[in-house]
Amino acid sequence: MTFAGKHALVTGAGSGIGAALCRALDAAGAHVVCTDVDETAAGRTAAALSERARAAPLDVTDAAAVQAAVDDVVARAGRIDLIFNNAGIVWGGDTELLTLDQWNAIIDINLRGVVHGVAAAYPQMLRQGHGHIVNTASMAGLTAAGQVTSYVATKHAVVGLSLALRSEAVPRGVGVLVVCPAAVETPILDKGALGGFVGRDYFLQAQGGRPYDADRLARDTLRAIERNKAVLVKPAVAHAQWWFARLAPGLMNRMSMRFVAGQRSRQSRDTPSSAADAG
Ligand SMILES: NC(=O)c1ccc[n+]([C@@H]2O[C@H](COP(=O)([O-])OP(=O)(O)OC[C@H]3O[C@@H](n4cnc5c(N)ncnc54)[C@H](O)[C@@H]3O)[C@@H](O)[C@H]2O)c1
């Protein structure tokens with residue numbers, strides 16, 4: 001596939017990986033609609049790109065709005081070539097700290113947001129006879145570390161959805177790729193912390209290294225689309241962890257327990273309230 005002249009819609013494009021996907025698509029000559037619930041952020045992403053790019057506000061939890069955004073691309077261009085269901089949030093910390101509202105918010109954005117994108121774009125892509133659906137999951141969709149339980153649940157669902165859909169879609173001309181990075185250098189690493197959880201430390205220790213570069217991941221993603229890959233896992237160490245999790249799931253789970261225990265003792269050491277309690 002060449003991206004020049006293609007029409008793409010990206011969700012969660014105001015920051016991080018979504019913004020990087022917009023930059024990569026724009027550099028490759030595509031027409032990109034940069035969408036985000038944060039309209040100003042989406043506008044900032046689009047403003048830094050060529051005149052082919054435009055911004056639009058879009059909350060992925062609103063199915064009708066996602067459908068309208070896809071319909072708008074089709075009305076203008078006659079087709080939609082690519083959709084990137086990328087918007088996402090994370091909650092980090094012990095699972096008992098999560099409220100039901102927080103559970104519902106992450107399911108609505110990370111899972112229903114992807115469902116809304118698929119429901120809006122896939123029938124149109126089938127009618128066209130071509131298209132590519134790219135869902136941003138995570139390593140958390142392939143392995144199951146504690147303290148990000150709600151995130152793991154939604155990302156496993158996105159991996160399952162993507163692989164199942166792919167088996168139906170590819171024979172009918174529509175590609176499906178699920179992107180599963182470990183930690184990537186974006187603001188999400190500093191968001192969604194509950195009870196002394198430090199996301200950046202957690203994710204970096206889990207993968208044993210520095211965060212991956214978002215622009216590099218975006219370029220990897222375009223290459224994976226060109227090759228019609230099913231799953232993209234980055235960086236290489238995450239790929240090795242994925243193999244290990246499949247070969248020895250019980251051992252992987254015991255390692256995860258040790259990891260969580262280590263994190264929990266660091267959190268209780270570092271949070272002022274527990275320090276006061278201890279004193
Ligand atoms: N950064 C990482 O380490 C990492 C690793 C694996 C997977 N991911 C996934 O990558 C995707 C992008 O995350 P990121 O790291 O770029 O985070 P980010 O916080 O930098 O960007 C996420 C964007 O999503 C937008 N958003 C949030 N709720 C929305 C909604 N309801 N509708 C539309 N947009 C909404 C935010 O405004 C933000 O601009 C997410 O699905 C995330 O789970 C991130």
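For the structure itself, consult the block above.
Conventions adopted
Residues numbered from 1 in each chain as written. Predicted model: local features only at pLDDT ≥ 70, side-chain atom pairs only at ≥ 80, totals over all residues. Heavy atoms only, no water. Near = heavy atom within 4 Å. Polar contact = N/O pair within 3.5 Å; in protein donor to acceptor, adjacent residues only side chain to side chain. Areas by Shrake-Rupley, 256 points an atom, 1.4 Å probe, with all protein chains shown as cover. Helix = DSSP H or I, 4+ residues; strand = E, 2+ residues; numbered from the N terminus. Nonpolar A, V, L, I, M, F, W, Y, C, P; charged D, E, K, R; others polar. Axes fitted to C-alpha atoms, helices over the stretch in contact; angles between N-to-C directions. Contact = heavy atoms within 4.5 Å. Core = buried A, V, L, I, M, F, W, Y, C linked by side-chain atoms within 4.5 Å. Buried < 20%, exposed > 50% of the residue type's maximum accessible area, 1.4 Å probe, protein only. Salt bridge = Lys/Arg side-chain N within 4 Å of Asp/Glu carboxyl O. Phe/Tyr/Trp six-rings, centres within 6.5 Å; stacked < 30°, edge-to-face > 60°. Lys NZ or Arg CZ within 6 Å of the ring centre and 35° of its normal. Pairing = 2+ DSSP bridges.

**Some remarks on the site of the ligand**
Neighbouring residues of the ligand: 29 residues in total, closest Ser15, Asp36, Tyr151, Thr186 and Lys191. Taking isoleucine 17, its main chain carries an N or O atom lying 2.7 Å from an oxygen atom of the ligand. Across the complex, the protein chains shield 93% of the 820 Å² of accessible surface that the ligand would expose by itself. Mapped by element, the contributors of at least two residues to the shell around the ligand are α1 (16-27) and α5 (149-169). The residue inventory of the shell around the ligand, partitioned by class, reads 15 nonpolar, ten polar and four charged.

**Concerning the packing of helix α8 (residues 236-247) against helix α9 (residues 249-270)**
Where α8 meets α9, the closest approach of the two axes is 5 Å, and the angle between their N-to-C directions is 115 degrees. Where α8 abuts α9, its residues Gln241, Phe244, Ala245, Arg246 and Leu247 lie against Pro249, Leu251, Met252 and Met255. Each residue belonging to the contact of α8 with α9 can be placed in one class, and the counts come to seven nonpolar, one polar and one charged.

**Observations regarding the nonpolar core**
The nonpolar side chains of soluble globular proteins are, as a tendency, buried together. Ranked by internal contacts, the top residues of the largest apolar core, which has 34 residues, are Leu9, Ile133, Cys180 and Val233. When contributions to this core are tallied by element, the ones reaching two or more residues are α3 (63-77), α4 (100-128), α5, β6 (174-181), β7 (231-234) and α8. Among the elements that line this core, the one with the most residues is α4, at six residues. Aside from chain neighbours lying at most four places away, what touches isoleucine 133 is Ile83, Asn85, Val118, Tyr122, Met125, Leu165, Val174, Gly175, Val176 and Leu177.

**Re the pattern of salt bridges**
Per the counting criterion, the structure on display carries eleven salt bridges. As a salt-bridge pair, arginine 54 and aspartate 72 come within 3.1 Å of each other at their nearest N and O atoms. Note that arginine 54 is positioned in strand β3 (residues 54-57) and aspartate 72 in helix α3, a separation of 18 residues in sequence. Among the ionic pairs, glutamate 185 bridges to arginine 200, the shortest N-O distance being 3.0 Å.

**Here's the deal with the packing of aromatic side chains**
Overall, the coordinates contain three aromatic pairs when judged by the stated rule. Between tyrosine 202 and phenylalanine 203, the aromatic rings sit 5.2 Å apart at their centres with planes inclined by 85 degrees, giving edge-to-face as the arrangement. Put simply, the rings of Phe197, Tyr202, Phe203 and Phe259 pair up and form one aromatic cluster. Stacked on the ring of tryptophan 242, the Lys or Arg arginine 246 has its end atom at 3.7 Å from the ring centre. Directly above the aromatic system of tryptophan 243 lies the positively charged group of arginine 246, at a separation of 4.4 Å from the ring centroid.

**What about the sheet that holds strand β5 (residues 131-136)?**
An order of β3-β2-β1-β4-β5-β6-β7 is seen for the seven strands of this open sheet, with the pairing classed as parallel. Either end of the sheet is taken by a strand with one partner, and the two such strands are β3 and β7. This sheet shows a mean twist of 15 degrees between the axes of neighbouring strands, independent of strand direction. Note that strand β2 (residues 31-36) and β3 share four bridges and pair parallel. Residue valine 33 lies in a different strand from β3, and its bridge partner there is arginine 54.

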